[in-house]
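Structural overview
Spelled out, the chains give:
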Amino acid sequence: MNDPLAAAKAPFVLPKMPRWRSLLRSFALAKDPLPVLNQILTHHGDTVQVFIGGVEKSILTRDPGLTQHILQKNHRNYAKSKFTQGFSRYIGHGLLTNEGPDWLRQRRLIQPGFHRQRVAGLTGLMQEITAETLAPVVAKAADAGGAATVDVHELMTRLTFRIIARSVFSTNFPEAELDRLAGLITEIQAFFVRSIRQPYLRLWFQLKGRFKYHDALAAELRTLLGDLIAQRQKANAQPGATPPDDLLQMLLDVRYEDTGEAMSPDRLIDESLILLVAGHETSANALTWLTYLLAHHPAEAVAIQQEMTGVLAGRTPAFEDLPRLGKALHAVQETMRRYPPAWMVDRVALADDEYNGLRIPKGTLFSLYFHGLHHDAKYWPEPEEFRPTRFAPGQERPVQANTYVPFGGGPRLCIGMQFALTEMQLVTLELLRQFDIQWVPGQLPVTMQPLITLRPKQDFRVKLRLR
Ligand code: HEM
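Read on for an overview of the structure.

The rules behind these values
- Residues numbered from 1 in each chain as written.
- Predicted model: local features only at pLDDT ≥ 70, side-chain atom pairs only at ≥ 80, totals over all residues.
- Heavy atoms only, no water.
- Near = heavy atom within 4 Å.
- Polar contact = N/O pair within 3.5 Å; in protein donor to acceptor, adjacent residues only side chain to side chain.
- Helix = DSSP H or I, 4+ residues; strand = E, 2+ residues; numbered from the N terminus.
- Buried < 20%, exposed > 50% of the residue type's maximum accessible area, 1.4 Å probe, protein only.
- Expected span 1.5 Å × (residues − 1).
- Donors = N, O, S within 2.8 Å, 3.2 Å for Na, K, Ca; no water.
- Pairing = 2+ DSSP bridges.
- Axes fitted to C-alpha atoms, helices over the stretch in contact; angles between N-to-C directions.
- Contact = heavy atoms within 4.5 Å.
- 1 Å grid on protein atoms, 1.4 Å probe; cavity = no way out; pocket = protein on both sides within 12 Å on 5 of 7 lines; lining within 4 Å.
- Points joined across faces, edges and corners; volume = space filled by probe spheres on them.
- Nonpolar A, V, L, I, M, F, W, Y, C, P; charged D, E, K, R; others polar.

Our focus in this paragraph is the site of the ligand. Taken together, the neighbourhood of the ligand is formed by 27 residues, with W103, R107, R347, R412 and C414 sitting nearest. With respect to the ligand, the side chain of K80 contributes an N or O atom lying 3.1 Å from an oxygen atom. Within the side chain of W103, an N or O atom sits 2.7 Å from an oxygen atom of the ligand. Of all the elements in the fold, those that place two or more residues in the shell around the ligand are helix 6 (100-110), helix 14 (265-278), helix 15 (281-296), strand 5 (344-349) and helix 19 (417-434). It is helix 19 that contributes the most residues to the shell around the ligand, three residues altogether.

Structure follows, in structure tokens:
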């Protein structure tokens, strides 16, 4: 077995976890999935057949080659599974939940709205909202002798929701409307995840009218967005109106190449809703975990501050400065390795396929376990260590291809990747420009709660000390 290719050439044997054992584990899995999944993989190897909730047969994998095969090399054969499709009942058929030629048509239409230069144009807005959101903390700290304690997940969720909501809709929402919008999205997502992870509760949910209730919440969400879009169209129709340069306007302005037509009102709701859903919790969670890690690794925070002082000498960064402020970006990247917001992604095989001798019959479900891949010691020495320099250029052991997938891969790579990286780098810089981050002792241990995204089970506090 000295030949490194021997393993790749060997027929792929798929370990199978029996249904009864999956069912036994399903309660533990629903309660705390990551340790259960890690244990299964440690026991069986990087790819294993399991039954989700004791019901759905699925292949769980953290194998980088198989992950790349599904997301990229043979992506045409893999659609999002019925789990994601089920989500469209509540959030519609925007890019994230759409499939096939219709998805491709929408993706081509929307992609230019996320190019680097478009994102560069949103830098000022991102900074303005970050400063606005941190201002009360600065004031509170100044009043209290130089430091204020904050609930981190709450703060980051508020911040990123405001950034995405105003990047899409520009207009200053009334606070209550913003909160309602965020609350609806959170409630719907939480219910959806429960109904997937504990399929045996579906009948109970049906009897208790829980599906109906959440359908009504989804309808309210669409009405809210529909009203905002209609307001914009009305404002644009005024003589001499100058439409704002935001993502909604991009969605309103684009035209299908073949027909020259604009998106239908329903489509506009679908796509703007998807941007809010996909673009808010992911970044909030990454920034929450980043704050957690920096509070526990103050030397990494100091390194970012020193680089910032050297490059900016006190001014706020412009988009063009970001490449010279690599330490903040590496900290963001390392955070998403340890705590990938999209911790698991699903696919289903549309036709029979094969990968390295693994027979994949049509209909096979896959759970691509990004968290497992990002913690595999074969690719990440001491995976539990927070080490941003893994992502710095010139490393003796550079990041290996296909082992780092926080934004997915292939044609369905996150469309908001550039947006999110810019946003997270800017927030990190602004936070550390104003404050030192200190852990508040005596809190319960912070644990992970993997819903659709990976968040902390309960919020935690840090002390932000004015610099
Ligand atoms: C840390 C932040 C983010 C992470 C980790 C993240 C992660 C991901 C991942 C893994 C996918 C692919 C899912 C799959 O293949 O099944 C995805 C897709 C997507 N993301 Fe993000 N995302 C982030 C931020 C954003 C932002 C800020 C936006 C919008 C402004 C956004 C919009 C989308 C959309 C629309 C899709 C679907 C793309 C398609 O299928 O064509 N994401 N994201």
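Despite not being glycine, A313 shows a phi value in the positive range, around 45 degrees. With a relative accessible area of 68%, A313 lands in the exposed category. Backbone geometry at E382 places phi at a positive 45 degrees, although glycine is not the residue there. By the element assignment, E382 lies in the loop between helix 18 (370-374) and helix 19. On the accessibility criterion, E382 (49% relative accessible area) is partly exposed.

Our next topic: helix 9 (residues 152-169). Under the 1.5 Å per step criterion, the end-to-end length of helix 9 is 25 Å for 18 residues, consistent within 8% with the ideal 26 Å. Counting buried residues along helix 9, 15 of its 18 residues qualify, which places the element largely inside the surrounding structure. Positive phi shows up at S170, right after helix 9, with a value of about 50 degrees.

Next up on the list: the coordination of the iron atom of the ligand. Within the protein, a single donor atom binds the iron atom of the ligand, namely C414 (SG) at 2.3 Å. Turning to its location among the elements, C414 is positioned in the loop between helix 18 and helix 19.

Before going further, it helps to examine the sheet that holds strand 4 (residues 147-151). Pairing in this open sheet of three strands is antiparallel, and the strands run 4-12-9 from one edge to the other. Looking along the sheet, the strands with just one partner apiece sit at the ends: strand 4 and strand 9 (435-439). Here the average twist between neighbouring strands, direction ignored, is 30 degrees. Packing against the sheet, helix 9 makes contact with strand 4 and strand 12 (461-466), and its axis sits at approximately 80 degrees to strand 4. Against the sheet, helix 19 makes contact with strand 9 and strand 12, and its axis sits at roughly 90 degrees relative to strand 9, the strand it touches most.

This part is about the layout of surface pockets. As a volume, the second largest pocket reaches approximately 300 Å³. What lines the second largest pocket is a set of 15 residues, among which H75, R76, E99, G100 and W103 lie closest to the centre. Taken together, the elements giving at least two residues each to the lining of the second largest pocket come down to helix 4 (64-73), strand 3 (78-79) and helix 6. Per-element accounting of the lining of the second largest pocket gives the leading share, four residues, to helix 6. Taken together, the residues of the lining of the second largest pocket sort by class into eight nonpolar, three polar and four charged.

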